[in-house]
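Single-letter residue listing:
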Amino acid sequence: MKEKILKCGVISWIILITIWGVGSLGYDEYFLPSPVETITGVRELILNGTLWIDIAASISRVLRGWLLAVVLGVPLGLLVGNFKLVRFIIEPILSFFRFVPAIALTTLFLMWFGVGDESKIALIFYASFFPVFVNTISGVVSTDHSYIEAASCMGADRIRVFFTVIVPSAVSHIYTGIRLGLGSSFVCVVAAEMLVGSDGLGYLINSSKLYYKTGWAFAGILTLAVFGFAADRIVQFIGQKKLAHFGVK
């Protein structure tokens, strides 16, 4: 019973909230709002309708950018990982752009895609694509060659080997890349909305300073954390239920 309580994280949250509450006693709500003041901020944002609009805007951008990264990153990663010549050509370019943070491209994306959702989705896609793409390539490359040779000896052609041996072997890596890409998309959406946005949780956090409402900023941060945590848990649950036979845990 004790182990289950510890595992579910209840005690960890109690400790964290207690430290937060005690720490906030030495400061006013403009510098460090207490948990109660933060909940009051959440209530204010819910009542005026702002929070729901910002949540919908941010989640919509995250899903579109992340799903686009998955749809393009997985097939491209499988193809690049499966063909050595293509991989040797792509890897230097990949290694170069992989270390360019999405936030550094904000100005360029604004010029190319405008100030609407397109630029934000493009930034989220860029941030999410590389974890998906790189992990998919890694999954293909790490396939046990003895399985490939065994399938070939049994008469399987290259296409059949690809779909029956290589792809199933890479599923665990692909799944990890998808989860990492989801995390990157939540990080990037805040940065994008802070720099260029008129709605979304990032905009809410950034604009709260104009109204001296630090509690609103905390409300936006906590809301983002809750939705990010929930999204990751949903993906994890689906993976454990549907992909367990591929080694996903």
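Here the structure is a predicted model, which is why all the values come from computation and not from measurement. (Residues numbered from 1 in each chain as written. Predicted model: local features only at pLDDT ≥ 70, side-chain atom pairs only at ≥ 80, totals over all residues. Heavy atoms only, no water.)

1. Description of the environment of G197
Then, in step 1: Positionally, G197 belongs in the loop between α9 (158-195) and α10 (201-207).
Then, in step 2: Between the C-alpha atoms of G197 and G116, which are 81 residues apart in sequence, the distance is 7.9 Å.
Then, in step 3: When residues no more than four places from it in sequence are discounted, the contact partners of G197 are K120, A192 and Y203. (Helix = DSSP H or I, 4+ residues; strand = E, 2+ residues; numbered from the N terminus. Contact = heavy atoms within 4.5 Å.)

2. Quick notes on the packing of helix α6 (residues 106-113) against helix α7 (residues 117-141)
Then, in step 1: The N-to-C vectors of α6 and α7 enclose an angle of 135 degrees; their axes lie 8 Å apart at closest approach. One way to sum up the angle between α6 and α7 is to call them oblique. Like other packed secondary-structure pairs, α6 and α7 cross with a definite hand, here right-handed. Every residue of α7 that contacts α6 at T106, F109, L110 and F113 is listed here: E118, S119, A122, L123 and Y126.
Then, in step 2: Residues belonging to the contact of α6 with α7 are distributed by class as follows: six nonpolar, two polar and one charged. (Axes fitted to C-alpha atoms, helices over the stretch in contact; angles between N-to-C directions. Parallel < 35°, antiparallel > 145°, perpendicular 65-115°, else oblique. Left-handed = near helix turned anticlockwise from the far one by under 90°. Nonpolar A, V, L, I, M, F, W, Y, C, P; charged D, E, K, R; others polar.)

3. Structural notes on the nonpolar core
Then, in step 1: Of all hydrophobic cores here, the largest spans 52 residues; its most connected members are L78, L123, V161 and L182.
Then, in step 2: Mapped onto this core, the elements with two or more residues apiece are α4 (50-82), α7, α8 (145-153), α9, α10 and α11 (214-242).
Then, in step 3: Of all the elements, α9 adds the most residues to this core, at 16 residues.
Then, in step 4: Each residue touching L182, except ones within four places of it in the same chain, is listed here: V62, W66, A231, D232 and V235. (Core = buried A, V, L, I, M, F, W, Y, C linked by side-chain atoms within 4.5 Å. Buried < 20%, exposed > 50% of the residue type's maximum accessible area, 1.4 Å probe, protein only.)

4. Brief notes about the pattern of salt bridges
Then, in step 1: With the rule as written, the count across this model stands at six salt bridges.
Then, in step 2: One salt bridge in this structure joins R61 and E193, with 2.7 Å as the shortest N-O distance. Here E193 lies in helix α9 and R61 lies in helix α4, a separation of 132 residues in the sequence. For the pair shown, R61 and E193 are each scored as buried.
Then, in step 3: D232 is the partner of R179 in a salt bridge, and the nearest nitrogen-oxygen pair spans 2.8 Å. Note that R179 is positioned in helix α9 and D232 in helix α11, a separation of 53 residues in sequence.
Then, in step 4: Three or more residues joined by partner-sharing salt bridges are found here, namely R61, R64, D117, E193 and D199. (Salt bridge = Lys/Arg side-chain N within 4 Å of Asp/Glu carboxyl O.)

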